[in-house]
Amino acid sequence: WLNLGSNVFERAVKENRIFKDETFLYPEFVPERLPHRDKEIDSIVFAFNPVLSGKKPQNVFIAGPTGCGKTAVTKFVLNELEEFSDRAKAIYINCFEFNSRHSVLSKIANFIGSPTPRRGIATDEIYSQFLSALKKSDFVPIIILDEVDKLVLSSEGSKLLYDLSRINEHEKSVVGLALVSNNVSLVASLDPRVKSSLTEERILFEGYSPQQLKDILLQRTQYAFVSGALSDEIIGVAAAHAAKMGGDARVAIESLLKAGREAERENSGKVMLRHLKKAFEAVDSVSLLKGLKHLGETEKILLGEIALNEGVSSGTLFELFSKKSKTPLSERRIRDYLNSLEKKDFVVAEEVSMGNKGKTRKYACRLPKKMILQELANQ
């Protein structure tokens, strides 16, 4: 029976605490120090440093796998730039939320002092208002377009990049562009005119190693967890797991956040291995589903066929793909794509003997097929 004289949250507050400040584990948190990214930080600083002396900044294309610090490093450098000088201000735009020329221009125009609604006004008119406001602006806007893949898939988005990259040449105004993507070959696939006007500096990130991940987790967890709630062993296991997932720091950090919450829910006083394993199951599923949008068209077709045909062989997948795709590929090339899906942890492969015919590999999805098919249908 409830004690009606006390608040239901009293027990939760009084019992064993795990977290000192869990905001240090939130995805949007930008640390004051970013371990193992000095070279990348220096490259972005070099690109935008000309702004400080009234010159044009260098556009940058920042690419690498999920969770390798691209967004955190970019935000960190531009935060530092804003603190150091009032000559530049950064605006962060996630292109999954703002994925059209109209919506991005509206957001930028509002940022530099030209209030513009997202609806009810023509895109070219917004662009004109933006250019007028830019000429009066007393700072250089640095525009971060994160997950820019979503934007450039359309001709409209491609035109936006063309518009923004040509401002420095033709409008007697200055803007800086930071394009952030998981796809290292994205710029190569752009319209030749866009590529020519971007003249970007490429800054490539690699996934973190197990030791690097451990260093990152040690830095975050000393502020996030109360003393004694998290052992070095748990940190090591989280780092090793994230390394297997491609060196994804987000996986490691989010796993510890979920494990800590599970420990608090159980009132255990410490994060145990069972809490972490439970967290892995939840985080891995979300991480893989998010990663689906970054797969190429061939990989998506193959993954869809594997989801529909559990335990399908590579030979059968070649036949199924040939019927579905307009672009024929060799069996060897199909195997390369299947190996890529396996490395990215979307599928598991089993080598099966076929008697006198030798061996083949059979494929199954890591995630429930219904979940995968639904996600592929939404893209």
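For the structure, check the block above.
Residues numbered from 1 in each chain as written. Predicted model: local features only at pLDDT ≥ 70, side-chain atom pairs only at ≥ 80, totals over all residues. Heavy atoms only, no water.

A. Examining the overall build of the chain more closely. Helices and strands together make up the secondary structure of the chain, namely 16 helices and eight strands. Reported as C-alpha extents along the three principal axes, the dimensions of the chain are approximately 70 × 70 × 45 Å. Counting every position in the chain, which comprises 379 residues, the buried fraction comes to 46%. Once local pairs closer than 6 in sequence are excluded, the contacts in the chain between residues at least 24 apart make up 69%. In the structure as shown, the chain presents an accessible area of about 20300 Å², 50% of it carried by carbon and sulfur atoms. Across the chain, the centroid of the 55 positively charged side chains sits 3 Å from that of the 50 negatively charged ones. (Helix = DSSP H or I, 4+ residues; strand = E, 2+ residues; numbered from the N terminus. Buried < 20%, exposed > 50% of the residue type's maximum accessible area, 1.4 Å probe, protein only. Contact = heavy atoms within 4.5 Å. Areas by Shrake-Rupley, 256 points an atom, 1.4 Å probe, with all protein chains shown as cover. Lys, Arg positive; Asp, Glu negative; His and termini not counted. Charge placed at Lys NZ, Arg CZ, Asp CG, Glu CD.)

B. Representation of helix α15 (residues 331-343). When the terminal C-alpha atoms of α15 are compared, their 18 Å separation across 13 residues agrees well with the 18 Å that a helix rising 1.5 Å per residue should span. Among the residues of α15, those classed as buried are I334, L338, S340 and L341. Considered in projection along α15, the buried side chains sweep an arc of 155 degrees and stay on one side of the axis. Within α15, the exposed residues directed more than 90 degrees away from the buried face are R332 and K343. Following α15 by one or two positions, D345 adopts a phi angle in the positive range, close to 75 degrees. (Expected span 1.5 Å × (residues − 1). Arc of directions from axis to C-beta.)

C. Quick peek at the state of the cysteines. All chains considered together, the criterion is met by zero disulfides. You can see C68 has no disulfide; the closest cysteine sulfur is in C95, sitting 17 Å from it. Residue C68 is classed as buried on the basis of its relative accessible area, which comes to 1%. (Disulfide = S-S within 2.5 Å.)

D. Local environment of the packing of aromatic side chains. What the rule picks out here adds up to five aromatic pairs. Ring centres 6.2 Å apart and planes at 40 degrees place the aromatic pair Y127 and F130 in the tilted group. Of this pair, Y127 and F130 are both found in helix α5 (residues 123-136), three residues apart, which corresponds to roughly one turn of the helix. There is no split in this pair, since Y127 and F130 are both buried. Ring pairing ties together the aromatic residues F24, F29 and Y223, which thus form one cluster. Of note, K75 hangs over the ring of Y92, and the distance from its end group to the ring centre comes to 4.1 Å. (Phe/Tyr/Trp six-rings, centres within 6.5 Å; stacked < 30°, edge-to-face > 60°. Lys NZ or Arg CZ within 6 Å of the ring centre and 35° of its normal.)

E. Here's a closer look at the nonpolar core. Judged by nonpolar contacts, the single largest core of 53 residues is most densely connected at L217, F225, L256, V271, L303, I306 and F346. Beyond its immediate sequence surroundings of up to four residues, F225 is in contact with I18, F19, K20, L25, L230, L256, G260 and V271. (Core = buried A, V, L, I, M, F, W, Y, C linked by side-chain atoms within 4.5 Å.)

F. Examining the side chain of S165 more closely. If you trace the backbone, S165 turns up in helix α7 (residues 155-170). One polar contact links S165 to S197, side chain to side chain, over a distance of 2.8 Å. Look past the residues within four positions of S165 in its chain and what remains in contact with it is N59, L177, S197 and L198. (Polar contact = N/O pair within 3.5 Å; in protein donor to acceptor, adjacent residues only side chain to side chain.)

G. Just the sheet that holds strand β3 (residues 140-146), in detail. If you walk across this open sheet you meet the five strands as β2-β3-β4-β1-β5, and the pairing is parallel. Edge positions in the sheet fall to β2 (88-94) and β5 (201-204), since each has one partner strand and no second. Strand-to-strand, the axes of this sheet are offset by a mean angle of 15 degrees, without reference to chain direction. Here strand β1 (residues 60-63) runs beside strand β4 (residues 176-181); their pairing, made up of four bridges, is parallel. Across the sheet, the residue bridging to F61 is L179, located in β4. On top of the sheet, helix α3 (residues 70-84) reaches β1, β2, β3 and β4; it is set at about 155 degrees to β2, its chief contact. (Pairing = 2+ DSSP bridges. Axes fitted to C-alpha atoms, helices over the stretch in contact; angles between N-to-C directions.)

H. Spotlight on the pairing of β4. Of all six residues making up β4, six are buried, and the element is well covered by its neighbours. Burial along β4 is two-sided: the residues G176, A178 and V180 and L177, L179 and S181 are all buried. Bridge count between β3 and β4: five bridges; the pairing is parallel. Counterpart to L145 in the pairing with β4 is L179.

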